[in-house]
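Single-letter residue listing:
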Amino acid sequence: MMALAATLLLGVTLTAIAVIDAREMRVPDYLSLPLIVGGLLFMAFTVPAALFWHAAGAAAGYLLIWGLAAAFRTLRGQEGIGMGDAKLLAAGGAWTGLLALPSILLAASAAGLIWALVLKILTRREAGRPMPFGPFLCAAIFLIWLAGAPGAPPVWR
């Protein structure tokens, strides 16, 4: 029952984040930060032995996006990805664990690229125009949580 409640809370929160980011091009801290804590608390109570790997996933998720943003800023001289996305990937790591981060990033990036191509073809959208990454991260985090990727709690396997 606890897993179902946690899954519903995760899904509702990720949906809210995706909608806000799609509309406003920002991931709100008031949703993403509690999501990090919630994922770690869920692990602490359900699979305490995995807590270290989920905390490592949260840290690695944040640091990975932070590093990509810094590299983009250095190479291009402009912002390319926000720290809201870093906190969101940290939340994904907290919920799914360190081993699931590559799957989350691959799924979110692939979906984002496909969506950008569809927009380009259908609307003749110019290249380089900003597009929110949060909705794709949200979808990937939730799908990987449901699928029980490496690092997800055993209740889903």
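None of these values were measured; they are calculated from a predicted model. Counting restarts for each chain: residues are numbered from 1 in the order of the written sequence. For a predicted model such as this one, the threshold for reporting local features is a pLDDT of at least 70, and the threshold for listing and counting side-chain atom pairs is 80 or more; totals across whole chains, interfaces and linings nevertheless cover every residue. Note: side-chain values were computed over all heavy atoms of the structure, leaving out hydrogens and water.

Colleague: Outline the packing of aromatic side chains, supporting the account with residue identities and numerical values.
Modeller: Ring pairs are drawn from Phe, Tyr and Trp, using the six-membered ring of Trp, whenever the two centres fall within 6.5 Å, and their geometry is named by plane angle: stacked under 30 degrees, edge-to-face over 60, tilted for the rest. For the coordinates displayed, the defined rule picks out four aromatic pairs. Considering the side-chain rings of Phe42 and Trp145, the 5.7 Å spacing of their centres and the 70° angle between planes classify their relative orientation as edge-to-face. Here Phe42 is found in helix H2 (residues 29-46), whereas its partner Trp145 is found in helix H6 (residues 134-147), with 103 residues between them in sequence. Working definition: with a 1.4 Å probe on protein chains only, accessible area under 20% of the residue-type maximum means buried, over 50% means exposed, and in between means partly exposed. Here Trp145 falls in the buried class, since its relative accessible area comes to 0%. Geometrically, the ring pair formed by Phe52 and Trp53 is edge-to-face, given 5.0 Å between the ring centres and 85° between the ring planes. Its relative accessible area of 54% is what places Phe52 among the exposed residues. Each member of the aromatic cluster is reached from another via a ring pair, and the members are Phe42, Trp95 and Trp145. Every helix listed is a DSSP run of H or I at least four residues long, and every strand listed is a run of E at least two residues long, numbered separately from the N terminus.

Colleague: Can you lay out the nonpolar core for me, pointing to particular residues and giving the numbers?
Modeller: If you look at the biggest cluster of nonpolar residues, it comprises 39 residues, and the most contacted ones within it are Leu88, Ile104 and Leu137. Within the residue set of this core, elements represented by two or more residues are helix H1 (2-24), H2, helix H3 (51-76), helix H4 (83-96), helix H5 (101-123) and H6. In what follows, residue pairs with any heavy atoms lying within 4.5 Å of each other are defined as contacts. Excluding residues that lie within four positions of it along the chain, Leu137 makes contacts with Asp85, Leu88, Leu89, Ile104, Leu105 and Ala108. Here, the term nonpolar core denotes a set of buried Ala, Val, Leu, Ile, Met, Phe, Trp, Tyr and Cys residues that are joined through side-chain atoms within 4.5 Å.

Colleague: Account for the side chain of Thr96, naming residues and giving values.
Modeller: Mapping Thr96 onto the fold places it in helix H4. By relative accessible area, Thr96 is classed as buried at 0%. Each polar contact in these results corresponds to two N or O atoms within 3.5 Å; when the atoms are within protein, one needs to be able to donate a hydrogen and the other to accept it, and residues that are neighboring in sequence are counted only if both atoms are side-chain atoms. At 2.7 Å, the side chain of Thr96 and the backbone oxygen of Gly92 are in polar contact.

Colleague: Outline a nonpolar patch on the surface, supporting the account with residue identities and numerical values.
Modeller: On the surface, a nonpolar cluster with roughly 660 Å² of combined accessible area is contributed by Ile114, Trp115, Leu117, Val118, Ile121 and Leu122. Topologically, Leu122 is positioned in helix H5. Each patch is built from residues that are more than 30% exposed by relative accessible area and take part in no salt bridge. Like charges join if they lie within 9 Å; nonpolar side chains (Val, Leu, Ile, Met, Phe, Trp, Tyr) join within 5 Å. Exposure was quantified through the Shrake-Rupley algorithm and a 1.4 Å probe, taking into account, for residues, occlusion by the shown protein chains and nothing else. For salt bridges, the criterion is a side-chain nitrogen of Lys or Arg within 4 Å of an Asp or Glu carboxyl oxygen.

Colleague: I'd like a rundown of the packing of H1 against H6, residues and numbers included.
Modeller: Put simply, H1 and H6 touch, their axes get as near as 8 Å, and they point 165° apart. The angle between the axes of H1 and H6 places the two elements in the roughly antiparallel class. The interaxial crossing formed by H1 with H6 has left-handed handedness. Of the residues in H6, those in contact with Thr7, Leu10, Gly11, Leu14, Ile17, Ala18, Asp21 and Ala22 of H1 are Gly134, Pro135, Cys138, Ile141, Phe142, Trp145 and Leu146. Residue classes follow a fixed rule: Ala, Val, Leu, Ile, Met, Phe, Trp, Tyr, Cys and Pro count as nonpolar, while Asp, Glu, Lys and Arg count as charged, and any other residue, Gly among them, counts as polar. Classifying every residue of the contact of H1 with H6 gives eleven nonpolar, three polar and one charged. In this analysis, axes come from line fits to C-alpha atoms, helices being fitted only over the stretch in contact, and the angle between any two N-to-C directions falls in the range 0 to 180 degrees. Relative orientations are named as follows: roughly parallel for angles under 35 degrees, roughly antiparallel for angles over 145 degrees, roughly perpendicular for angles from 65 to 115 degrees, and oblique for any other angle. Each crossing is labelled by how the near helix is turned from the far one, with a counterclockwise turn of less than a right angle marking it left-handed and a clockwise turn marking it right-handed.

Colleague: Pulling in residues and values, what's your account of the environment of Leu137?
Modeller: Relative to the helices and strands, Leu137 resides in helix H6. Leu137 sits 52 residues away from Asp85 along the chain, and the two C-alpha atoms are 8.0 Å apart.

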